[in-house]
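Chain by chain, the residues run as shown.
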Amino acid sequence: MVMPAAAGEREFILHNDTGGSINALYISPASMNTWADDMLGVETLVGGESVTIPFGRSGEAALWDVKVSDAEGVDQTWSRINLGQLSTLTLQREDGGVAALAE
């Protein structure tokens, strides 16, 4: 699944290596106290799949917060990720939780 980026938007690849489904993805500048709309929309990112995620424009925030919700409604949140400095964000099971690995 590939989502087209609008002119001037940055993007990264989200890879789901959790073994489960991701039903929602939220990205917001770290300076905000609210989440933007679900970036996956009506899509579900099943285990083993990847999707290109467009976000923010050049010159916007450097640090972003990321939240995903799985099929059971469990949320995982990572704070202050420099999305502009990575090409891939891989989510994988680790020590009973989910780790976000930046590449």
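Details of the structure are given in the entry above.
About the cut-offs
- Residues numbered from 1 in each chain as written.
- Predicted model: local features only at pLDDT ≥ 70, side-chain atom pairs only at ≥ 80, totals over all residues.
- Heavy atoms only, no water.
- Helix = DSSP H or I, 4+ residues; strand = E, 2+ residues; numbered from the N terminus.
- Buried < 20%, exposed > 50% of the residue type's maximum accessible area, 1.4 Å probe, protein only.
- Salt bridge = Lys/Arg side-chain N within 4 Å of Asp/Glu carboxyl O.
- Phe/Tyr/Trp six-rings, centres within 6.5 Å; stacked < 30°, edge-to-face > 60°.
- Lys NZ or Arg CZ within 6 Å of the ring centre and 35° of its normal.

Caption draft 1: View of unusual backbone geometry. Positive phi outside glycine occurs at Arg80, with the angle close to 60°. Within the secondary structure layout, Arg80 lies in strand 5 (residues 75–81). With relative accessibility at 57%, the residue Arg80 sits in the exposed group.

Caption draft 2: Local environment of the pattern of salt bridges. All chains considered together, the criterion is met by one salt bridge. Note that Asp75 and Lys67 form a salt bridge whose closest N and O atoms lie 4.0 Å from each other. The exposure class assigned to Asp75 is partly exposed, which follows from its relative accessible area of 39%. Of the residues examined, Lys67 reaches a relative accessible area of 15% and is grouped as buried.

Caption draft 3: Representation of the packing of aromatic side chains. On inspection of all chains with the given rule, the structure shows two aromatic pairs. Seen from their ring centres, Phe12 and Phe55 are 5.7 Å apart, and the 65° between their planes marks the pair as edge-to-face. Taken as a pair, Phe12 in strand 1 (residues 9–17) and Phe55 in strand 3 (residues 50–57) lie far apart in primary sequence, 43 residues in all. Between Phe55 and Trp64, the aromatic rings sit 5.2 Å apart at their centres with planes inclined by 85°, giving edge-to-face as the arrangement. The two residues Phe55 and Trp64 agree in class, both being buried. In this structure an aromatic cluster arises from ring pairing among Phe12, Phe55 and Trp64. Over the ring of Tyr26 we find Lys67; its NZ or CZ atom is 5.1 Å from the centre of that ring.

None of this, on its own, says anything about what the molecule does.
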